[in-house]
Amino acid sequence: MLLTALLLASHFSLLAPSSPPSPMSDIPSPITVRETKALPRDGGDTFASVLLVRRVNSKTAKNGNPFLVVELGDKTGSINTNVFGDSPSFELFSSMKEGGIVRIEARVDYYQDRFSPRLLRAEALSTEQLAGSPFMANLVETAPEDADILWTEFQSHIAALQHPEIRATVQSVFDEIGEQFRSAPAAVAMHHAYRHGLLEHTTHMARACRALLPLYPEVDADLALAGILVHDTGKVIEYEGDLATTRSRKGILQGHVVLGYQLVRKAGLKAKLSTDLLERLEHIVLSHQGELEWGAAVIAATPEAVFVSKIDDLDAKMGMVQRLLRQGSDNGEFSEKHFGLNSPLLLTKPQK
C-alpha cells in the first residue's frame, strides 16, 4: 500500500499547479471497479480509482440544467456517475475525449438501485504520468483466453474448410485484416467489448458450429463455417481507438454488416468463387444480425444463414453472461440489469 501511495504521489506532483494533489495521508489507495462495487452499500465509504473515460453523454435535467452521464471503467468493469453543471468536475469531463484517463475520489452511492458513486474530485492523468505504473496495465480489459492460442485455433478453422475456393476466399479476407482482427473488440459495449474480443467471439462460434453441424445435415458445413469466420470482419473497420473503443466515420456511415460484405465480395471475386456460393456467403454476412431492428440488412433466408445467426446470438448472449460473472462483486447475489439480456443475472453458483 505504501508503494502504491508513493507512486500516486509522484504522479500527482506532475499535475498542473491549478490542480494540487491532496496530502499523501489524505489519498486513499486506488481500487478497481470490481472492488468499489463490493464496498458496503450503506456505509458512505469514500474511495479512489484510476479509470478510463469510456463515454460522456450530455443530458438536460427536468429543471433545464445540463449534466453529464460519465461512464468510467477498467479491466474489471465499469461505473456510471452523473456530473452536474455546478460540479468542479463538469468542465473537466465536458472537455475530455473517450479514452482519457482520470483519477477520481468518490463516495459510495446508489441511484434507482444502481451503483452510481457521488464524485468528490477528479483530475486528468496522461499516459506518460502512468508509464510503468500498475494502474496503466489495469485500465484495458482483454479477453480471458490467451490471444496467441486463440489465433492458432482460428487458423485451424480456416484450414478445415474443404472447398478450395471457399477456403481461399476466407484466407484472402484474413490476409488483408488479420492483424487488426486479432486485437479488435467485438462491440463498443454489448458483448466481447474488449481487446481480442472479436477473435474470442468468432473462435467460440466456430467451436459451436463444428459441434452442432452433425445435428443439421441440411446445413452446408463449408458455407456455415466460412460464414462464421467472416461474419463480423467489418468490425475491424467499424471500430477504432486504443484505450477506448469508438465508431469510425465508415462505421457510422456504413456499419460493420456492409463493410464485412464488401470485404467478402472482394475476396470472393479474387478467389473466383462461383456466383451461387459467393451470393450465399454474402447473404450470411448481410443477415447474421438476425433482425432488421438489430442491424441486419436482410432476414436470414438460407439454412446456413439461419444457423449462423442463431449461433451468433447464442455466443453474444453467453459472452454477456461470462463477463457479468467475471466482473460481479463478491457480495452481490445479482448483477445490475443488463440491456442485452433485459434482466439482471444471478451470480451465485447452483447449490448441489
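Parameters and conventions
- The residue numbers shown here count from 1 along each chain, following its written sequence.
- Under the rules for a predicted model, residues below a pLDDT of 70 receive no local features and side-chain atom pairs below 80 are neither given nor counted, while totals for whole chains, interfaces and linings still include all residues.
- Think of the side-chain values as coming from all heavy atoms in the structure, minus any hydrogens and water.
- When DSSP finds two or more bridges between two strands, those strands count as paired.
- Put simply, DSSP H or I for four residues or longer makes a helix, DSSP E for two residues or longer makes a strand, and each gets a number counted from the N terminus.
- For helices, the fitted line uses only the C-alpha atoms of the stretch in contact; every axis is such a line through C-alpha atoms, and the angle between N-to-C directions lies from 0 to 180 degrees.
- Each reported salt bridge corresponds to a side-chain nitrogen of Lys or Arg within 4 Å of a carboxyl oxygen of Asp or Glu.
- Under the scheme applied here, a residue whose accessible area is under 20% of the maximum for its type counts as buried, over 50% as exposed, and between as partly exposed, the area being computed with a 1.4 Å probe on protein chains only.
- When checking whether two residues touch, look at their non-hydrogen atoms; a contact exists if any pair is within 4.5 Å.
- Every residue gets a pLDDT, meaning the predictor's confidence in that residue, from 0 to 100.

Engineer: What's the story with the sheet that holds strand β4 (residues 101-107) in this structure? I'm lost.
Structural biologist: The strands that make up a sheet pair up through hydrogen bonds in the backbone, lying either parallel or antiparallel. Judged by pairing direction, the sheet is antiparallel, and its five strands sit side by side in the order β3-β2-β1-β4-β7 without closing on themselves. Sheet topology places β3 (77-84) and β7 (118-125) at the edges, where each strand pairs with a single neighbour. The average undirected angle you get between the axes of adjacent strands in this sheet is 40 degrees. Direction of pairing for strand β1 (residues 46-60) relative to strand β2 (residues 66-74): antiparallel, over a ladder of eight bridges. Each residue of the ladder has a partner; that of V56, found in β2, is V70.

Engineer: Help me understand the pattern of salt bridges in this model?
Structural biologist: Two side chains that carry opposite charge are able to pair once their charged atoms sit near each other. The full count for this structure, using the stated rule, is 17 salt bridges. In this structure, K235 engages D232 in a salt bridge whose closest nitrogen and oxygen atoms are separated by 3.2 Å. Comparing K235 with D232, the two get one shared label, buried. Linked through salt bridges whose partners overlap, the residues forming this network are R103, E105, R121 and E123.

Engineer: How do you make sense of the pairing of β1 when you look at a structure like this?
Structural biologist: A regular strand places its side chains so that they alternate between the two faces of the sheet. Judged from the seven bridges that link them, β1 and β4 form a sheet pairing that is antiparallel. Along β4, the bridge assignment pairs V50 with R103.

Engineer: What should I look at first to understand the side chain of H204 in this one?
Structural biologist: Here H204 shows up in helix α8 (residues 197-212). Filtering out sequence-adjacent residues up to four positions away, H204 remains in contact with E145, D315 and Q322.

Engineer: Help me understand the confidence of the model for the protein chain in this model?
Structural biologist: Low pLDDT means the predicted coordinates in that region are not meant to be read closely. Scored by pLDDT, the protein chain comes out at a mean of 88, with 91% of its residues at no less than 70. In this model, residues 1-27 is a region of pLDDT below 50 whose contacts with residues beyond four sequence positions or in other chains number 35 contacts.

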